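Each chain, letter by letter, is given below.
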Amino acid sequence: MSSSAKRDRKVVSSPYLHKLQRRHFLLFDILPILGTAVAVILWVLGRPPSTTDIVMFFTLWAFTGFSLSIGYHRLFTHRSFKTYMPVRVLLTAFGNMAARSTMITWTSQHRRHHELADHDGDVHSPNLHGHTLIGRMRGLWYSHFTWMLEHDYPNVVHYVPDLLADKPVVKTDRMYYRWIIIGFVAPAVIGGLVSRSWMGALLGFLWGGVVRQFVVAQQVSALNSLTHMFGSRPFKMSDNNSHNNGLFGVVTWGEGWHNNHHAFPASANFAFRWYQFDPGYAIIRLMELVGLAWDVRRHPSEQITAKRLALLEENGNARFASGFNPEGFGSFAGEVPVRGVGPRA
């Protein structure tokens, strides 16, 4: 059988796509590092960010980051809730401004990630490079950074046919580079107008655009790398090595409760204990209260307990499972399929 016949039909690979990937990597992963260094040097030399720059940084950080978490991830990838078309369009546009790839590309990659998590074909797993210290460091570097240089492209017709049918969102997503440019130019214009100086425009461009984009990119990359290597694993699934990380749970829009998410990927809420905070879900809950979100998918505490017990028994901890205390998981409403217990989400 020829190699082409053996090829995974769920992905596409070509020199042209690899060229585009390397260009994207240079523009939105390498250059932001240099731009951030310039911003820091200017600060040291007596040109710190102004109040306007700081406000623009945090405002665009929030809009782009939460659009990735709430929009790209929970809404589009996992269909965790429903919302109106204008909201879907806005989440797509601000998600594009993060320059982490188009929504269609990101969601198709992420659905494949859940299909093959930490196994061959998972495009950004840190756990496929050996278990030695060197192998783990290589995996960490690869999953955080260099996988974006060149990789197979998921077949979007296979992975996201539902999203391709959403015409207003697809039309918005095709303006990917325009949204990125707006995300850089708008802070520069505002900074220049407020300060009435070219230096103000430059600092606005750097802090509201380049540094903000760099920080969001590092946070997203940390979810690919660090949360599949470090943290706690209340759900010890044999098919992936995801971890919960309390620090990332807060600073990455709630995404750091990654082990919870892999156990219940369709849930809009990633925080299952009283002390876990998921700001992304808090926004979805607010949207639900004001009528902007509906059919929000959650897991009841009984289902979470059943999943934990099943995994404990599967891993040979039947004695501990018999005495497992589910107290502290909280209560949820709205049953949805659970990976490992029901159909794969």
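Given the structure is predicted, the values throughout are model-derived calculations rather than measurements. (Residues numbered from 1 in each chain as written. Predicted model: local features only at pLDDT ≥ 70, side-chain atom pairs only at ≥ 80, totals over all residues. Heavy atoms only, no water.)

Some thoughts on the confidence of the model for the protein chain
Selection criterion: Per residue, pLDDT measures the predictor's confidence, with a range of 0 to 100. Here, residues are in contact when the closest pair of their heavy atoms is within 4.5 Å.
Residues of the protein chain with pLDDT of at least 70 account for 85%, and the chain-wide mean is 86. Segment residues 1-5: pLDDT under 50, and two contacts once partners within four positions in sequence are set aside and those in other chains are kept. The model gives residues 316-345 a pLDDT under 50, and that stretch makes 70 contacts with residues more than four places away or in other chains.

What to know about the packing of helix α6 (residues 133-144) against helix α11 (residues 198-225)
Using the following cut-off: Here an angle of 0 to 180 degrees is reported between the N-to-C directions of two axes, which are lines fitted to C-alpha atoms, with helices fitted over the stretch in contact. Strands here are runs of E lasting at least two residues and helices are runs of H or I lasting at least four, both read from the DSSP assignment and numbered beginning at the N terminus. What sets the label is the angle itself: under 35 degrees gives roughly parallel, over 145 gives roughly antiparallel, 65 to 115 gives roughly perpendicular, and the rest give oblique. Crossing handedness is read from the near helix: turned anticlockwise from the far helix by less than a right angle, it gives a left-handed crossing, and turned clockwise, a right-handed one. Residue classes follow a fixed rule: Ala, Val, Leu, Ile, Met, Phe, Trp, Tyr, Cys and Pro count as nonpolar, while Asp, Glu, Lys and Arg count as charged, and any other residue, Gly among them, counts as polar.
Two elements in contact, α6 and α11, have axes whose closest approach is 8 Å; the angle formed by their N-to-C orientations is 135°. Relative to α11, the element α6 lies oblique. In the packing of α6 onto α11, the handedness of the crossing is right-handed. Between α6, through L140, S143 and H144, and α11, the contact on the second element is made entirely by Q218, S221, A222, N224 and S225. Among the residues making up the contact of α6 with α11, the classes are represented as two nonpolar, six polar and no charged.

Here we look at a nonpolar patch on the surface
The criterion, for reference: Exposure above 30% relative accessible area and no salt bridge define the residues that can form patches, which grow by joining like charges within 9 Å and nonpolar side chains of Val, Leu, Ile, Met, Phe, Trp and Tyr within 5 Å. Residue-level accessible areas treat just the shown protein chains as cover; the underlying method is Shrake-Rupley with a 1.4 Å probe. Salt bridge criterion: a side-chain nitrogen from Lys or Arg within 4 Å of a carboxyl oxygen from Asp or Glu. When a residue's accessible area, from a 1.4 Å probe over protein chains only, is under 20% of the maximum for its type it is buried; when over 50% it is exposed; and in between it is partly exposed.
On the surface, a nonpolar cluster with roughly 600 Å² of combined accessible area is contributed by Y84, L286, L289, V290, L292 and W294. By secondary structure assignment, the location of L292 is in the loop between α14 (279-289) and β4 (293-294). L292 sits in the partly exposed class, given a relative accessible area of 35%.

Section: the side chain of D122
For clarity, the threshold we go by: In this tally Asp and Glu are treated as negative and Lys and Arg as positive; neither His nor the chain ends contributes.
Mapped onto the elements of the fold, D122 is located in the loop between α5 (103-116) and α6. Within the buried core, D122 has no salt-bridge partner, and the shortest N-O distance to an opposite charge, that of R112, equals 7.5 Å. Ignoring anything within four residues of it in the chain, the contact list for D122 reads H113, L116, A117 and L128.

Brief notes about the pattern of salt bridges
Inspection of the entire model under this criterion finds eleven salt bridges. We note a salt bridge from D162 to R79, for which the minimum N-O separation is 3.2 Å. Remark: R79 occurs in the loop between α3 (51-77) and β2 (82-83) and D162 occurs in helix α8 (residues 161-164); sequence separation between them is 83 residues. Accessibility expressed as a relative area gives 30% for D162, which makes it partly exposed. Of the residues examined, R79 reaches a relative accessible area of 29% and is grouped as partly exposed. Ionic pairing is found between D162 and R111, a salt bridge with its closest N-O pair at 2.9 Å. In this pair, D162 sits in helix α8 while R111 sits in helix α5, placing the two residues 51 residues apart along the sequence. What you see here is one network of salt bridges that share partners, running through R74, E255 and D278.

Remarks on the nonpolar core
Across soluble globular proteins, you tend to see nonpolar side chains buried next to one another. Defined as follows: Throughout this description, the term nonpolar core refers to a set of buried Ala, Val, Leu, Ile, Met, Phe, Trp, Tyr and Cys residues connected via side-chain atoms within 4.5 Å.
By size, the foremost hydrophobic cluster in this structure holds 29 residues, and its most contacted members are F81, M103, I104, V216 and V296. For this core, the secondary-structure elements that each account for two or more residues are α3, α4 (85-97), α5, α7 (156-159), α9 (167-173), α11 and α14. Apart from residues lying up to four places away in sequence, F81 is in contact with I70, R74, L75, I284, M287, A293, W294, D295 and V296. F57, Y176, L206 and W207 belong to the second-largest nonpolar core, a separate cluster that totals 13 residues.

Considering α5
The criterion, for reference: One less than the number of residues in a helix, times 1.5 Å, gives the span that helix is expected to have.
Compared with the 20 Å implied by 1.5 Å per residue over 14 residues, the 20 Å span of α5 between its first and last C-alpha is a close match. Here α5 has its buried residues at M103, I104, T105, W106, T107, S108, Q109, H110, R111, R112, H113 and H114. Directly beyond the C-terminal end of α5, a positive phi value near 60° is found at D118.

Thoughts on helix α2 (residues 15-44)
Inclusion rule: The seven residues ending at a residue and the seven starting there each receive a fitted axis; the angle between those axes is the bend at that residue.
Look at α2: 42 Å from first C-alpha to last across 30 residues, which is about the 44 Å you get at 1.5 Å a residue. At L31, α2 shows its largest kink, close to 35°, and the proline P32 lies no more than four residues downstream. Residues of α2 that are buried: H18, Q21, H24, F25, F28, D29, P32, G35, T36, A39 and L42. Of the surrounding secondary structure, the elements contacted by the buried residues of α2 are β3 (153-154), α10 (176-195) and α11. Of the residues trailing α2, G46 is marked for its positive phi of about 105°.

Here's the deal with the packing of aromatic side chains
So the rule is basically this: Pairing of aromatic rings covers Phe, Tyr and Trp, the last counted by its six-membered ring, and requires centre-to-centre distances within 6.5 Å; plane angles under 30 degrees mean stacked, over 60 mean edge-to-face, and any other angle means tilted. As a reminder, the over-ring test applies to NZ of lysine and CZ of arginine, requiring each to be within 6 Å of the ring centre and within 35 degrees of the ring normal.
What the rule picks out here adds up to 16 aromatic pairs. Both rings, one in W61 and one in W253, keep their centres 5.9 Å apart while their planes meet at 35°; by these two values the pair is tilted. Taken together, the positions of W61 in helix α3 and W253 in the loop between α12 (246-251) and α13 (258-263) put the pair 192 residues apart, joining distant regions of the chain. Of the two residues examined, W61 and W253, each falls in the buried class. Connected via pairs of aromatic rings, a cluster forms that spans F25, W141 and F145. Here R74 stacks its cationic end above the ring of F270, 4.0 Å away from the centre of that ring.

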